[in-house]
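Observations on the model geometry
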Amino acid sequence: MTNGIYISAMTQGSGKSLIALGLFDSLVKETDRVGFFRPVFAGEIESHDPMIRLLRAKYELTEDQARGGVSLDRCRELLAEGNHEEMSSIAVSVYSQMAAHCDVIIVDGTDLLSHNAATVEFDLNAQFSRDLGLPVIAVVGAQEASVSDAVNAIDVARTELHNAKVDVLAMMVNRCRPELRDEIAKNVKRGPSNRPVYVLPELPEMALPTVAEVVHNLGLNSEGMSADFLDRDIHDIKIAAMTVSNFLSQFTDGDFVIVPGDRSDIMVATLASALAPSFPAPSGMLLTGGLTNELGSNTAIGQLVEKAPFPVFSTQLDTFKAGRAVSQVRGQLALAQPRKIAAALGEWFRNVDEKELFERLELERPATMTPLRFLHNLIEKARSDRRSIVLPEGYDPRILRAASIIVRRDFCDLVIIGNPQQIAEICQRESIDLPVADGNKRGVTIIDIDDNEYFDDFAATYAELRAHKGMTLEGARNRMMDPSYFGTMMVYKGIVHGMVSGAANTTANTIRPSLEFVKTRPGVKVVSSVFLMLMEDRVLVFGDCAVNPNPNAEQLADIAIASAETARQFGVDPKVAMLSYSTGTSGAGADVEIVVEATEKLRESNPDFAFEGPIQFDAASNMSIASSKLPDSEVAGKATVFIFPDLNTGNNTYKAVQQTSGAVAVGPVLQGLRKPVNDLSRGCTVDDIINTVAITAIQAQTM
């Protein structure tokens, strides 16, 4: 039976999109097939609705899993006709169709777009929830409210819902002033159910529109511009109709500059300011009046503008109309970039007790594990026991972009190594909004390798640890100037819990410092790696695919033990297959004998997991083949951990599986060190970095 939850706004501008997104993200970790339904959608067709579009893209939902009922225009026509029954009939019909494709459906009610229609829309939402038989999460907006106003608003909303005979799942206050959040939470009444009322503060950055939202609302041409280029918050609007000197005196960082297209002096001044590290940079520039004759690629001004480190657009609108149009653009979560989505999810998880909320529902946990749910569980597991991670490659824009998202998702603490001024310049140039820790303000901690409190101690410690190799204090000081060594020493000293590197450095540069002084864990003979292979319905562990070229039998057994432990850390029940081109005694040769010996050494160690070897990949993974080759095996056909006999086989196999099956390969995850250090590919994406940081934080929880 499909579960459903109805989200209903109780006041105008409640910000329930954040509630819908947070709830959806929470449910993804609980069940495989989550749907999203808007009985009344924005736009002419449902695919134009911002929230439907966002959730389809972010969570890879099909058209059967994210749908709309009737358009807003059609809804108004039916309301004018007094024909509520047809709207309810459509809602019930679409919901019933979606139930065949979903285990849980979030129904996002109407937006209370007009004060005049508030009563009508409340009645409509109440009717929808009753007709669908769904409990309601009621959202009260408290943007300008005092504590008493917010408390009273909840009481009024609760009474209205009770009188409308609506089943209330939860009450939430959203968008309250951050300084009042705790006091509102303390004073708001729980009501007859004695359930907590969740209170979420306003996120200032949510209200700021991005350049991408201006492009969307004004229909500007952004062809050839990257998503990162458009992901800039507009802090203010500057209409530049004055002299250059007066304009620059009022120009501040993040301003969106609107200027007549023939004012080349303002264009050049803005460009010069953006290129000067100590001067403000704009979020973008809009040239008005269709006056772009000077911007051809054959003109000096045009060539300068083409190289501008900020987006430049043109419009046929005059300056006054353009300014008015831009000023009317409001920040929308549904059109936001990953940074804002991360901030919204971070706020949700800080203020809503998912476990308590879902105890009110009967959600059946699925037996399978999808890639989406696994990756979301990574973040949640990392958040459950917070750790600190150092990123030594502070000048790589991907690292900084990932850090800006991690801070907003708020699942670990970050330290970045680099000169603060240089990092600020990169962030300005690359449009990265990187929050930096300051007092109680959440953000990354930046440590300048040339000016910090740790350097002398780190150098002395390294000289002592490597004295047997002839290391001098002067040599140690030189070595500590390498961010990889400095970051690894932070891990060794316990200042941070783990390190992630490799976006710019080689695997050897990342691992070498760890091998020199972090060393392996007691009983571990070799550092190795695994990839977490996220298949369509399960997670497999492949090792070693990145570190050891030709492990001997003892090392293979060691890799198997470490890989089984890693599997358990990430929720995989280890059933270990020691792979070979032979199953049992079907083949012979030196390569088989190494696996036979490794399996025997594994047996002698008396591990607490099932294993089999030598065994071929097909017999390890396919039940029908396993039943004929090894019918009595605990592992054959059910293996979850695959140990490859050498790096050549392992590396090629994981890539073949990744490319041919569509599996997501997460890793390499290093294992065997006393403290976690993980390596990135130099071709890594921002998502790869985020996932690897989460993995490292989880590893640190048991070290």
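What counts, and where the lines are drawn
Residues numbered from 1 in each chain as written. Predicted model: local features only at pLDDT ≥ 70, side-chain atom pairs only at ≥ 80, totals over all residues. Heavy atoms only, no water. Axes fitted to C-alpha atoms, helices over the stretch in contact; angles between N-to-C directions. Helix = DSSP H or I, 4+ residues; strand = E, 2+ residues; numbered from the N terminus. Parallel < 35°, antiparallel > 145°, perpendicular 65-115°, else oblique. Left-handed = near helix turned anticlockwise from the far one by under 90°. Contact = heavy atoms within 4.5 Å. Buried < 20%, exposed > 50% of the residue type's maximum accessible area, 1.4 Å probe, protein only. Polar contact = N/O pair within 3.5 Å; in protein donor to acceptor, adjacent residues only side chain to side chain. Salt bridge = Lys/Arg side-chain N within 4 Å of Asp/Glu carboxyl O. pLDDT = per-residue confidence, 0-100. Pairing = 2+ DSSP bridges. Phe/Tyr/Trp six-rings, centres within 6.5 Å; stacked < 30°, edge-to-face > 60°. Nonpolar A, V, L, I, M, F, W, Y, C, P; charged D, E, K, R; others polar.

Next up on the list: the packing of helix α17 (residues 371–384) against helix α29 (residues 686–700). Following both chains from N to C, one finds α17 and α29 inclined at 45°, their axes separated by 9 Å at the closest point. Overall, the two elements α17 and α29 adopt an arrangement that is oblique. Along this stretch, α17 crosses α29, giving a crossing that reads as left-handed. Across from Leu 375, Leu 378, Ile 379, Lys 381 and Ala 382 in α17, the residues of α29 making contact are Ile 690, Asn 691, Ala 694, Ile 695, Ala 697 and Ile 698.

Time to look at helix α2 (residues 50–58). Buried within α2 are the following residues: Pro 50, Met 51, Ile 52, Leu 54, Leu 55 and Arg 56. Buried residues in α2 make contact with α1 (16–28), β2 (34–41), β3 (66–71) and α15 (338–351). Regarding α2, its N-cap is Asp 49, as a side-chain oxygen of that residue lies 3.0 Å from the backbone nitrogen of Met 51 further along. Looking one or two residues past α2, Glu 60 carries a phi angle of roughly 55°, positive in sign.

What follows is about the pattern of salt bridges. Tallied over the full model, the rule gives 42 salt bridges. Here Arg 339 makes a salt bridge to Asp 233, at a shortest N to O gap of 3.0 Å. Pair noted here: Arg 339 is in helix α15 and Asp 233 is in the loop between α10 (227–230) and β8 (236–239), with a separation of 106 residues, a long-range link. Of the two residues, Arg 339 and Asp 233, neither departs from the other in class, the shared state being buried. With its nearest N and O atoms 3.6 Å apart, the salt bridge here joins Asp 236 to Lys 238. Taken together, the shared-partner salt bridges in this structure form one network comprising Asp 231, Asp 233, Arg 339, Lys 340, Arg 408 and Asp 433.

On to the confidence of the model for the chain. For the chain, mean pLDDT is 88; residues scoring 70 or higher make up 95% of the total. Across the chain, the secondary-structure element scoring lowest on mean pLDDT is helix α13 (residues 300–306), at 70, and the one scoring highest is strand β12 (residues 388–391), at 97.

Time to look at the sheet that holds strand β1 (residues 3–9). Read across the sheet, seven strands follow the order β3-β2-β4-β1-β5-β6-β7 without closing on themselves; strand pairing throughout is parallel. The two strands at the open ends of the sheet, each matched to only one other strand, are β3 and β7 (198–201). The mean angle between the axes of side-by-side strands here comes to 20°, regardless of whether they run parallel or antiparallel. Sheet topology places β2 next to strand β4 (residues 104–108); four bridges connect them, and they run parallel. Bridging from a neighbouring strand, Val 34 pairs with Val 104 of β4.

Glancing now at the packing of aromatic side chains. Under the criterion given, the structure shown has 13 aromatic pairs. Considering the side-chain rings of Tyr 454 and Phe 458, the 5.5 Å spacing of their centres and the 15° angle between planes classify their relative orientation as stacked. A relative accessible area of 21% means that Tyr 454 is categorised as partly exposed. Judged by relative accessible area, Phe 458 falls into the buried class, the value being 0%.

Before going further, it helps to spend a moment on the packing of helix α22 (residues 483–493) against helix α23 (residues 507–518). Viewed as axis vectors pointing N to C, α22 and α23 meet at an angle of 40°, and their least axial separation amounts to 9 Å. Taken together, the axes of α22 and α23 are oblique relative to one another. As α22 packs across α23, the resulting crossing turns out to be right-handed. In this structure, α22 contributes Ser 484, Tyr 485, Thr 488, Met 489 and Tyr 492 to the contact, and α23 contributes Asn 509, Arg 512, Pro 513, Ser 514, Glu 516, Phe 517 and Val 518. Across the contact of α22 with α23, the residue classes break down as six nonpolar, four polar and two charged.

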